[in-house]
Amino acid sequence: QVQLVESGGGLVQAGGSLTLSCAASGIIFSMFNMGWYRQAPGKQRDLVAQITCDGSTDYADSVKGRFLISRDNTKNTVYLQMNSLEPEDTAVYFCYADRSPVRYRTGYWGQGTQVTVSS
């Protein structure tokens with residue numbers, strides 16, 4: 001049974017930082033591409049950051065230079081370090097795992113963690 005369990009969400013003031021974690025089980029973590037998506041109320045779920053199984057990263061333009069995705073294969077965990085947070089970053093953040101490219105959305109989802117940025 002595949003499980004992706006996110007943690008680290010919460011309420012933060014604009015300009016602050018948060019780090020999200022996603023612990024994976026039930027998969028051979030090192031063989032999976034990992035991603036973070038987010039969904040704000042009334043909006044579609046968008047890809048924020050991704051890291052391939054070989055460590056290549058990519059980011060949405062809206063978070064480039066502010067967010068950093070990383071993975072620790074020894075802990076089966078992917079992280080999203082979020083700096084200089086803006087109210088527009090408020091959303092539910094979802095961890096995602098896929099053997100295919102993350103953008104295909106054919107893999108596994110976490111339950112989501114709420115991030116709220118106050119102005």
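Calculation criteria
Residues numbered from 1 in each chain as written. Predicted model: local features only at pLDDT ≥ 70, side-chain atom pairs only at ≥ 80, totals over all residues. Heavy atoms only, no water. Core = buried A, V, L, I, M, F, W, Y, C linked by side-chain atoms within 4.5 Å. Buried < 20%, exposed > 50% of the residue type's maximum accessible area, 1.4 Å probe, protein only. Helix = DSSP H or I, 4+ residues; strand = E, 2+ residues; numbered from the N terminus. Contact = heavy atoms within 4.5 Å. Phe/Tyr/Trp six-rings, centres within 6.5 Å; stacked < 30°, edge-to-face > 60°. Pairing = 2+ DSSP bridges. Axes fitted to C-alpha atoms, helices over the stretch in contact; angles between N-to-C directions. Polar contact = N/O pair within 3.5 Å; in protein donor to acceptor, adjacent residues only side chain to side chain. Salt bridge = Lys/Arg side-chain N within 4 Å of Asp/Glu carboxyl O.

1. A word on the nonpolar core
In terms of nonpolar packing, the biggest core is built from 28 residues, with M34, W36, V78, L80, M82 and Y93 touching the most fellow members. Counting residues per element, the ones that place at least two in this core are β3 (18–25), β4 (33–39), β5 (46–51), β7 (67–72), β8 (77–82), β9 (91–98) and β11 (113–118). Apart from the residues within four sequence positions on either side, Y93 is in contact with E6, L20, W36, Y37, R38, V48, F67, L80, M82, G112, T113 and V115.

2. A closer look at unusual backbone geometry
Phi at N76 takes a positive value of approximately 50 degrees, unusual for a residue other than glycine. Residue position: N76 is located in the loop between β7 and β8. With a phi angle near 50 degrees, S84 is a residue other than glycine that sits in the positive phi range. Classification of S84 by relative accessible area gives partly exposed; the value is 41%.

3. Re the packing of aromatic side chains
A full pass over the atoms with the stated rule returns five aromatic pairs. When the ring of F94 is compared with that of W109, the centres are 6.3 Å apart and the planes differ by 90 degrees; the resulting orientation is edge-to-face. Residue F94 is located in strand β9, and its partner W109 is located in strand β10 (residues 108–109); the two are separated by 15 residues in the primary sequence. Overall, F94 belongs to the buried group, its relative accessible area being 10%. Aromatic side chains Y96 and W109 sit 4.6 Å apart centroid to centroid with 55 degrees between the ring planes, which places their arrangement in the tilted category.

4. Describing the sheet that holds β8
Pairing is antiparallel in the open sheet, where four strands are placed in the order β1-β3-β8-β7. Two strands close off the open sheet at either side, each with one partner strand: β1 (3–7) and β7. Taken pair by pair, the neighbouring strands of this sheet meet at an average axis angle of 15 degrees, ignoring direction.

5. Comments concerning the side chain of N33
Residue position: N33 is located in strand β4. One polar contact links the side chain of N33 to the main-chain carbonyl oxygen of S100, over a distance of 3.1 Å.

6. Notes on the environment of L80
You can see L80 is positioned in strand β8. Spatially, the C-alpha atom of L80 lies 5.0 Å from that of L20, the residues being 60 residues apart in sequence.

7. Concerning the pattern of salt bridges
A full pass over the atoms with the stated rule returns four salt bridges. Measuring nitrogen to oxygen at the nearest pair gives 3.9 Å for the salt bridge that ties R66 to E86. Of this pair, R66 sits in the loop between β6 (57–59) and β7 while E86 sits in the loop between β8 and β9; the two residues are 20 residues apart in sequence, bridging distant segments of the chain. For R66, a relative accessible area of 11% corresponds to the buried category. The residue R66 makes a salt bridge to D89 at a minimum N-O spacing of 2.8 Å. With R66 in the loop between β6 and β7 and D89 in the loop between β8 and β9, this pair connects stretches of sequence that are 23 residues apart. The network of salt bridges with common partners includes R38, R66, E86 and D89.

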